[in-house]
Amino acid sequence: MIFAQTQPFIRWDWIVDHLDEIWERTVEHSVLTGFAVVIGLVVSTALSMIALRFRRTYGPITWTAGILYTIPSIALFAFLVPFTGLSLLTAEIGLVSYTLLILIRNIVAGIDGVPAAVIESARGMGYTDRRLFWRVQVPLALPVIVAGVRIAAVTVVGLVTVTSLIGQGGYGAFILRGLRRTFATEILVGTVMSVVFAVLIDLVLLWLQRRLAPWQRRQARAS
Amino acid sequence: MSDFLSELGAFLADPDAWLGGAGLLVRTRDHVLLSLFAIGVAALIALPPAVWLGHRRRGGVVVGALVNVGRAIPSFGILALMLPISLALGLGIGFWPTFVALVALAMPPIFTNTYTGVVEVDPAVTEAARGMGMTGRQLVRRTELPLAMPVIWTALRVSAVQVVATATLGAVVGWGGLGRYVIDGFAQGNDVYVFIGGVSVALLAIATDLAFSFGERFVLPKGTHHRDRGELTSSAAV
């Protein structure tokens, strides 16, 4: 115990010894995050299309997504475990359900934000509803949608660490193991890597967001 | 599956599971008290500087950075980190690491949203208030704070829900509360415990959200509008 107290707070040699595992956990974290965001985006797009087509469903859809968002992730995992076990499926159901509120809101707001004049002219040019949606409304709404994806992705990266409690986890595995051994270095590695990963993803998506809306930059330069 | 349901029924029919020393009622009470305490302390620390900076219209860059970083920080990691720190300081496991982590996690959203609420008060309104001869202090208390109240209240609501959620994880650093069911259940492979914990925490989080929505009508000054949670500048899921 006396030796434990003289141990420094961060053991750099431990980090150097575990670079391989850090890389493995990075891959795991990326996969967990990637699946959740992509599946979340698909589900949200479908639900948003329903909400846009039948306006009356927007309230109930966001209300349900809001409840899912309010339920703590650990609670959601907990009552899925009796049914789906300590599995990847449990983790992904929980993670995906967190992205829905953020994504649906941004998709609907983005589509609603497309100027009426643009839609009018597209219709005048003979665009069908489907072509109008995919060729005009979605591209113009993309910056707002990607802004939603940024928030969802950063949120999911943080939540993935909690999935270590149900045997998944990415960087969360370091946090949980460090906790069990009361080893600060390992907890710090898990936490810091998760933050770094979230910031990196945010920057990549920010770059994408800017590329998808070149007209905003052109406007900014002109004014 | 039917095993699970009959075990769940047996658990729910046992009065000790509800009223016992480590029963649902006691754990719910502990969970609520710790969450209230943490939110209160976080608000006491975060509100004054946020209002002051918003009033002076300074520090926008810092707030912007806090919003982004706040969302990226995993609450599980912060909670876990508090354990070795607490042990090193001789504060032990359980209450202190959980409490400090909850306060630390509740502060950024309260701070950033309060700041935004005050900064976004229409300059024409503050001009008019100054024109009427209000001093800086009067301006804050009679104009800026009441107008920012809806945003501040929403910030408290979001933080409270987040604190209730994170308090669940307190069980991994030795605290009690409803998280015990989940964490012990995982450790023992007891699905009934896990399920009970999950449902009770979910209900408590939803109840917290509803309580704050209900409190709105008593707290918000007349004529100010409720802001939807989607308009918040920062909130993190837990």
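Rules of the game
Residues numbered from 1 in each chain as written. Chains lettered and ligands numbered in written order. Predicted model: local features only at pLDDT ≥ 70, side-chain atom pairs only at ≥ 80, totals over all residues. Contact = placed C-beta atoms within 7 Å. Helix = DSSP H or I, 4+ residues; strand = E, 2+ residues; numbered from the N terminus. Nonpolar A, V, L, I, M, F, W, Y, C, P; charged D, E, K, R; others polar. Core = buried A, V, L, I, M, F, W, Y, C linked by C-beta atoms within 7 Å. Buried ≥ 20, exposed ≤ 12 C-beta atoms within 10 Å, placed from the backbone. Expected span 1.5 Å × (residues − 1). Axes fitted to C-alpha atoms, helices over the stretch in contact; angles between N-to-C directions. Left-handed = near helix turned anticlockwise from the far one by under 90°.

J.: Could you clarify how one ought to interpret the interface of chain B and chain A in this entry?
T.: Accessible area lost upon the coming together of the parts serves often as the stated size of an interface. Taken together, the contacts link 36 residues of chain B with 38 residues of chain A. Looking at the side of chain B that touches chain A, the elements that each hand over two or more residues are helix 4 (60-72), helix 5 (75-88), helix 8 (136-169), helix 9 (179-188) and helix 10 (191-219) of chain B. If you tally residues by element for the side of chain B that touches chain A, the top one is helix 10 of chain B, at 11 residues. Across the side of chain B that touches chain A, the residue classes break down as 27 nonpolar, 6 polar and 3 charged.

J.: Would you take a moment to explain the nonpolar core for this structure?
T.: Note on soluble globular proteins: their nonpolar side chains tend to be buried together. Core analysis: the biggest nonpolar cluster contains 125 residues, and Val156 of chain A together with Ala106 of chain B have the highest contact counts within it. Sort the elements by how many residues they give to this core and helix 8 of chain B lands first, with 16 residues. Not counting chain neighbours up to four residues away, the residues in contact with Ala106 of chain B comprise Ala38, Ile39, Ala42, Ser159, Gln162 and Val163 of chain B.

J.: What's the story with helix 5 of chain B in this structure? I'm lost.
T.: It helps to recall that an α-helix has 3.6 residues per turn; residues three or four apart then point in one direction. Residue and element names in this part refer to chain B. Over its 14 residues, helix 5 runs 20 Å from end to end, which matches the ideal 20 Å to within 8%, given 1.5 Å per residue. Of all 14 residues making up helix 5, 11 are buried, and the element is well covered by its neighbours. Three or more residues of helix 5 are buried, namely Ser75, Phe76, Gly77, Ile78, Leu79, Ala80, Leu81, Met82, Leu83, Pro84 and Ser86. Trailing helix 5 by a residue or two, Gly90 shows a phi angle of about 75°, which is positive.

J.: What is the right way to read the packing of helix 4 (residues 58-70) of chain A against helix 6 (residues 88-112) of chain A from this model?
T.: When two helices pack together, their arrangement is captured by the angle between the axes and the distance separating the axes. All names here are of chain A. Helix 6 packs onto helix 4 with a crossing angle of 145° between their chain directions and a minimal axis gap of 7 Å. Note on packing geometry: the crossing formed by helix 4 with helix 6 is left-handed. Touching Tyr58, Ile61, Thr62, Ala65, Gly66, Leu68 and Tyr69 of helix 4 are Ser97, Tyr98, Leu100, Leu101, Ile104, Arg105 and Val108, all from helix 6. A per-class count over the contact of helix 4 with helix 6 returns 10 nonpolar, 3 polar and 1 charged.

In short, the description is geometric, and any link to function would need to be established separately.
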